Amino acid sequence: MTTTITTIASLRDTLKPHRGTQRIALVPTMGNLHDGHLSLVKLAKQHADIVVVSIFVNPTQFGVGEDLDSYPRTLDADTQKLASVGVDYIFAPSVDDMYPVLPPPTQVLAGEISSQLCGQTRPTHFDGVGLVVSKLFNIVQPNVAVFGQKDYQQLAIIRQLVRDLSYDIEIIAAPIVRADDGLALSSRNQYLSADERKIAPVLHQYVSQLADKLTQAEHINEASATDLSILQSLIDDSITQINDAGFKVDYLEVRRQDLQNISNTKQDTALVIVTAAWLGKARLLDNQQVIVKIPMS
Ligand code: PAF
């Protein structure tokens, strides 16, 4: 049975008897659930006895002029979907309960990484994510928490948060779930018009093509230790192709898988392509990990 709980106090009371004897998993969401979210729940069930899904449209992670007010709130439909995959508890608190004072004077800052990539256009976003995830961790005190890999930077920041604030929580990354045509599932895909929806999979296609070029091109492999300009020209070509398809690329970068910049003095092999691009009103994210085989001489 799936039970919906709407206050911090009653969630704490409800979880008390489970603690110690059963493993608790948390899947944090902002609702408007799709198959990507349900895949997080399925993964959570493999790692725990009790699954809590939080549904909270967190005001502190939205910037001025962003879609906080229009973000789709679909609790009834979400509840049905979560019941169908056997979630134990839905935690759907009010803004007042989560933030007695808004904006809260206490902050959780992730440092340099939060001003890069998505942080360039959403400078306060990850501070809000860090704060709400810390609160959810304190409220639920889960053994494991599952996050989607589509939000690659968010996942990296949460891993950093767990490390730096000593949370005793295992973080599990769930692979991106895609539509049949390759578009990564996202609640914001519904902002796409019918025509834009047809173009949208192109983002994934060009990211995959870039990944192929990185793994295949011998000259990059040989040059990567000393010359990152070849890499940059491949990235620039991909940006041009994506823009030509009708997107406005926010960023497209190749980083180390921990999101540190590729160093031109070390032979970095485990890389990730990360991108965000506007298509009409929708800002789409995608990423792909790639292992570049650099010949060791
Ligand atoms: O990924 C999301 O939906 C949100 O950023 C999260 C992790 C639930 C925090 O509000």
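It should be noted that the structure appears before, not after, this text.
In this text, all values refer to a predicted model and were calculated from it rather than measured experimentally.

**Notes on the overall build of the protein chain**
- On a plain count of helices and strands, the protein chain comes out with eleven helices and nine strands.
- C-alpha atoms of the protein chain, sized along the principal axes, occupy 60 × 45 × 35 Å.
- Expressed as a percentage of its 297 residues, the buried residues of the protein chain come to 52%.
- Considering only residue pairs separated by 6 or more positions, the protein chain has 72% of its internal contacts joining residues 24 or more positions apart.

**Section: the site of the ligand**
- Taken together, P28, T29, M30, N58, Q61, V129, V132, D151 and Q154 form the complete shell of residues around the ligand.
- Between an oxygen atom of the ligand and a side-chain N or O atom of Q154, the distance comes to 2.7 Å.
- Looking at the shell around the ligand, the elements with two or more residues in it are β2 (24-29) and α6 (125-140).
- Residues that form the shell around the ligand fall into these classes: four nonpolar, four polar and one charged.

**Regarding unusual backbone geometry**
- Residue L102 is joined to P103 through a cis peptide bond whose omega torsion reads -5°.
- Checked against the element boundaries, P103 lands in the loop between α4 (95-98) and α5 (118-121).
- A positive phi is found at Q141, a non-glycine position, where the angle reads about 45°.
- The phi dihedral of L259 is positive, around 70°, even though this residue is not glycine.

**Description of the environment of L234**
- In this fold, L234 is placed in helix α11 (residues 229-244).
- For the pair L234 and K248, spaced 14 residues apart in sequence, the C-alpha separation works out to 18 Å.

**Concerning the packing of α6 against helix α7 (residues 152-164)**
- Following both chains from N to C, one finds α6 and α7 inclined at 50°, their axes separated by 10 Å at the closest point. By the angle class used here, α6 and α7 are oblique. By crossing handedness, the relation of α6 to α7 is classed as right-handed. Residues F126, V129, G130, V133, S134 and F137 of α6 form the contact with α7, whose own contacting residues are Q153, Q154, I157, I158, L161 and V162.
- Residues of the contact of α6 with α7, tallied by class, amount to eight nonpolar, four polar and no charged.

**Structural notes on the sheet that holds strand β6 (residues 170-174)**
- The six strands are arranged β1-β4-β3-β2-β5-β6 in an open sheet whose pairing can be described as parallel. Only two strands of the sheet have a single neighbouring strand rather than two, namely β1 (3-5) and β6. Strand-to-strand, the axes of this sheet are offset by a mean angle of 25°, without reference to chain direction.
- Both strand β5 (residues 144-148) and β6 contribute to a ladder of five bridges, which runs parallel. Bridging from a neighbouring strand, A145 pairs with I171 of β6.
- On the sheet, α7 packs against β5 and β6 and is oriented at approximately 170° with respect to β6.

**Comments concerning the sheet that holds strand β7 (residues 248-256)**
- In spatial order, the strands read β7-β8-β9; together these three strands make up an open sheet with antiparallel pairing. Bordering the open sheet on either side are β7 and β9 (282-291), each of which pairs with just one other strand. On average, each strand axis in the sheet is inclined to that of its neighbour by 10°, with strand direction left out of account.
- Pairing between strand β8 (residues 270-279) and β9: ten bridges, direction antiparallel. Residue V272 lies in a different strand from β9, and its bridge partner there is Q289.
- The strands touched by helix α9 (residues 202-216) within the sheet are β7, β8 and β9, with β9 carrying the most contacts at an inclination of about 20°.

**As for the pairing of β2**
- By the criterion of burial, β2 is predominantly enclosed, with six of the six residues buried.
- What you see with β2 is no split at all: I24, L26 and P28 on one side and A25, V27 and T29 on the other are buried throughout.
- In this fold, β2 hands off to helix α2 (residues 35-47), which returns the chain to strand β3 (residues 50-55); that crossover is right-handed.
- Relative to β5, β2 is paired through two bridges, and the arrangement is parallel. Directly across from A25, in β5, lies its bridge partner V144.

**Topic: the packing of aromatic side chains**
- Overall, the coordinates contain four aromatic pairs when judged by the stated rule.
- Consider the rings of F137 and F147, whose centres lie 6.4 Å apart with planes at 75°: the pair is edge-to-face. A residue pair is termed long-range when its members are at least 10 positions apart, and F137 in helix α6 and F147 in strand β5 qualify at ten residues. Of the two residues, F137 and F147, neither departs from the other in class, the shared state being buried.
- Put simply, the rings of F137, F147 and Y167 pair up and form one aromatic cluster.

Cut-offs applied
- Residues numbered from 1 in each chain as written.
- Predicted model: local features only at pLDDT ≥ 70, side-chain atom pairs only at ≥ 80, totals over all residues.
- Heavy atoms only, no water.
- Helix = DSSP H or I, 4+ residues; strand = E, 2+ residues; numbered from the N terminus.
- Buried < 20%, exposed > 50% of the residue type's maximum accessible area, 1.4 Å probe, protein only.
- Contact = heavy atoms within 4.5 Å.
- Near = heavy atom within 4 Å.
- Polar contact = N/O pair within 3.5 Å; in protein donor to acceptor, adjacent residues only side chain to side chain.
- Nonpolar A, V, L, I, M, F, W, Y, C, P; charged D, E, K, R; others polar.
- Axes fitted to C-alpha atoms, helices over the stretch in contact; angles between N-to-C directions.
- Parallel < 35°, antiparallel > 145°, perpendicular 65-115°, else oblique.
- Left-handed = near helix turned anticlockwise from the far one by under 90°.
- Pairing = 2+ DSSP bridges.
- Right-handed = clockwise from strand over helix to strand, strands pointing away.
- Phe/Tyr/Trp six-rings, centres within 6.5 Å; stacked < 30°, edge-to-face > 60°.

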